[in-house]
Amino acid sequence: MTVTLEVSDNVGTIRLDRPPMNALDVAVQDRLRELAEEAGRRDDVRAVILYGGEKVFAAGADIKEMQAMDHAAMVVRSKALQESFTAVARIPKPVVAAVTGYALGGGCELALCADFRIAGDNAKLGQPEILLGVIPGAGGTQRLARLVGPSRAKDLIFTGRQVKAEEALAMGLVDRVVPAAEVYGQARAWAARLARGPALALRAAKESVDAGLETDIDTGLAIERNWFAGLFATEDRERGMRSFVEEGPGKARFL
């Protein structure tokens, strides 16, 4: 399979495996959607890692496949393309992208779907679609601008230039830079920590932030308020507060 889901200790790794560059063809896109939805459903998956391997995250779309599509074909395919990436972005659990080597075009857009991005010191990210006479089509014009701001996003999208890991860190495109050999281990440590946390509260936090960013402040506060109150009906809330009172902060164990 070109994309797999491996689960260990409540951490699911969605692994791209289409050598040599993990080009995101139609089959990969569709498989990403299937596995993102599966990871979201499975109770034994409490956090997710997106990973392309030690050498490359994903160097973009399969251009030969795309070149053969006409306007009518892309009208149909572009919706499925966006839905695949949106399925990743909407996994109701913490998601970290472990980025090594190239994360370009669709690869960068896939990393943008994560909640947190750990990049190797060999990483290069960018949205080079303009060099092909098109624009990002898997969420890049929207998620990138929301993450780094419209001006920085336009710089990357208008020029198609690639940025190395340190510049990506400085502009907020990635959240941590580590030696390339440590990327997956660091991502796993991040995911494992959150996999031990309160699943419903983490889901509520993710949805509150993500949905709130898409609306006005009053609606965002209403979303937060509803989730906040709702969590008082959960066992995790009882467990967390009881542990705080009896043992002190940070010692609760969640199922």
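The structure under discussion appears in the preceding block.
Residues numbered from 1 in each chain as written. Predicted model: local features only at pLDDT ≥ 70, side-chain atom pairs only at ≥ 80, totals over all residues. Heavy atoms only, no water.

**Some thoughts on the layout of surface pockets**
1) Next: In this structure, the largest pocket spans a volume of roughly 1000 Å³.
2) Next: When contributions to the lining of the largest pocket are tallied by element, the ones reaching two or more residues are helix 3 (71-89), helix 5 (140-148), helix 8 (183-195) and helix 9 (199-213).
3) Next: Counting residues per element, the lining of the largest pocket draws most heavily on helix 9, at 9 residues.
4) Next: When its residues are assigned to classes, the lining of the largest pocket shows 17 nonpolar, 5 polar and 11 charged. (1 Å grid on protein atoms, 1.4 Å probe; cavity = no way out; pocket = protein on both sides within 12 Å on 5 of 7 lines; lining within 4 Å. Points joined across faces, edges and corners; volume = space filled by probe spheres on them. Helix = DSSP H or I, 4+ residues; strand = E, 2+ residues; numbered from the N terminus. Nonpolar A, V, L, I, M, F, W, Y, C, P; charged D, E, K, R; others polar.)

**Thoughts on the pattern of salt bridges**
1) Next: For the coordinates displayed, the defined rule picks out 15 salt bridges.
2) Next: Between Arg33 and Glu37 there is a salt bridge, and its shortest N-O distance comes to 3.3 Å. Of this pair, Arg33 and Glu37 both sit in helix 1 (residues 26-41), 4 residues apart, roughly one helical turn.
3) Next: One salt bridge connects Arg33 with Glu83, and the closest N-O pair in it is separated by 3.0 Å. With Arg33 in helix 1 and Glu83 in helix 3, the pair connects residues that are 50 residues apart, well separated along the chain.
4) Next: The partly exposed category is assigned to Glu83, whose relative accessible area is 29%.
5) Next: Because the salt bridges share partners, they merge into one network encompassing Arg33, Glu37, Lys79 and Glu83. (Salt bridge = Lys/Arg side-chain N within 4 Å of Asp/Glu carboxyl O. Buried < 20%, exposed > 50% of the residue type's maximum accessible area, 1.4 Å probe, protein only.)

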